[in-house]
Amino acid sequence: MQVVTNALRVVECVITHQPVGVSEIARQLDLPKSSVQRSLEVLQRNGWLKRDRTNPRQWIQTPRIWTLAHAGPGLEIRELTWEVQDWLNEMTDESIHVTHQEGDNIVVVDRVESTKSIRVFDPIGTTVPMHLSGSGRALLASWEPAALQAYIERQLSSLPAEQRPEPEQLLAEVEEIRARGFSVNRGSWRSEISGVGIALPLAGPGNPAEYGLAIAIPSHRFEEDKVDHYGELVEEGRKRILAAAGLQV
């Protein structure tokens, strides 16, 4: 029983202090380092914990915990999405963004940069009105009609003229996103930046999505033949993320 108790305490410590190393866990729990190391190895083999990719001497939790309690605290979105971000970056060598809805805006909360000399660079914390962002419009496509209409009315009354949505155009694009599965951005926010985006419905089917995933591309490189290909890539990325979260697509 003590072995099980130690393992549970190690999991709790990692969730609370991640990323965290063996010495710190041992200090926090007043356990021998050897006991902590054995617990970590068992928990890693069973998919509960893993080594931090940026520092293999430190430990973090895995998406398996999200599977059991994806609406609860403790798991940062990057731990659920970083493998897919890396994969999309490898497939395209373009910048990959994860975004989160905050009010009527989306905010870049994680990213992987392209290695190309000309690339999209949006720092974490970049904020854009939802209808001017590819991933933002993908999130809007998950909203109920009344909520979407209220959003449009708020933007028409609060934004400068050049940023206000055209209601009929936005509603038509939302319907297109729902039918196609992903959004296409052709310089909506800045003329030199385009891409594709998709909603990540991590709150479960039937609930508005709060997170989005996007491939951000300099407009001069976004040829027409890339649209469907990149759309298929973000759709596959969404499937992988939802599977890691224990959710159905």
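The structure displayed is predicted, hence computed values, not measured ones.

## Thoughts on the sheet that holds strand β1 (residues 20-21)
Move 1: Strand order in the open sheet formed by three strands is β1-β3-β2, with antiparallel pairing between adjacent strands. Only two strands of the sheet have a single partner each, and these edge strands are β1 and β2 (49-52).
Move 2: Inspection of the sheet shows β1 paired to strand β3 (residues 55-61) by two bridges, in the antiparallel sense. Each bridged residue has a counterpart across the sheet, and for Val20 the counterpart in β3 is Trp59.

## Here's the deal with the confidence of the model for the chain
A low pLDDT score tells you not to read the predicted coordinates there in detail.
Move 1: With 93% of its residues at a pLDDT of 70 or more, the chain has an overall mean of 88.
Move 2: Here residues 69-75 is a poorly scored stretch, pLDDT under 50, and it has 11 contacts once near neighbours within four places are set aside; other chains count.

## Digging into the nonpolar core
Move 1: Among the nonpolar cores identified, the biggest contains 26 residues, and Leu88, Leu202, Leu213 and Ile215 are the most heavily contacted of them.
Move 2: Looking at this core, the elements that each hand over two or more residues are α5 (77-92), β4 (95-102), β8 (193-200), β9 (211-218) and α9 (227-244).
Move 3: Of all hydrophobic cores here, the second largest spans 17 residues; its members include Ala138, Leu139, Ile152 and Val174.

## Describing the pattern of salt bridges
Move 1: Tallying each qualifying case throughout the model produces 14 salt bridges.
Move 2: We note a salt bridge from Glu24 to Arg27, for which the minimum N-O separation is 2.7 Å. Of this pair, Glu24 and Arg27 are both found in helix α2 (residues 22-29), three residues apart, which corresponds to roughly one turn of the helix.
Move 3: The class of Glu24 is partly exposed, set by a relative accessible area of 29%.
Move 4: Classification of Arg27 by relative accessible area gives exposed; the value is 56%.
Move 5: A salt bridge links Glu113 to Arg111; the nearest nitrogen and oxygen atoms lie 2.8 Å apart.
Move 6: Look at Arg111 and you get partly exposed, because its relative accessible area is 25%.
Move 7: Each of Glu94, Lys116 and Arg221 takes part in a single network of salt bridges with overlapping partners.

## Notes on α2
Move 1: What α2 keeps buried is the set Val22, Ile25, Ala26 and Leu29. When α2 is viewed along its axis, its buried side chains cluster within an angular range of 100 degrees and face the same direction.
Move 2: Buried positions along α2 lie against α1 (2-17), β1, α3 (33-45) and β3.

## Topic: the pairing of β2
Move 1: Looking at chain direction, β2 and β3 are connected through four bridges and run antiparallel. Bridging from a neighbouring strand, Leu49 pairs with Gln61 of β3.
Move 2: Linkage of β2 to β3, two consecutive antiparallel strands, is achieved through a turn of two residues.

Criteria and thresholds
- Residues numbered from 1 in each chain as written.
- Predicted model: local features only at pLDDT ≥ 70, side-chain atom pairs only at ≥ 80, totals over all residues.
- Heavy atoms only, no water.
- Pairing = 2+ DSSP bridges.
- Helix = DSSP H or I, 4+ residues; strand = E, 2+ residues; numbered from the N terminus.
- pLDDT = per-residue confidence, 0-100.
- Contact = heavy atoms within 4.5 Å.
- Core = buried A, V, L, I, M, F, W, Y, C linked by side-chain atoms within 4.5 Å.
- Buried < 20%, exposed > 50% of the residue type's maximum accessible area, 1.4 Å probe, protein only.
- Salt bridge = Lys/Arg side-chain N within 4 Å of Asp/Glu carboxyl O.
- Arc of directions from axis to C-beta.

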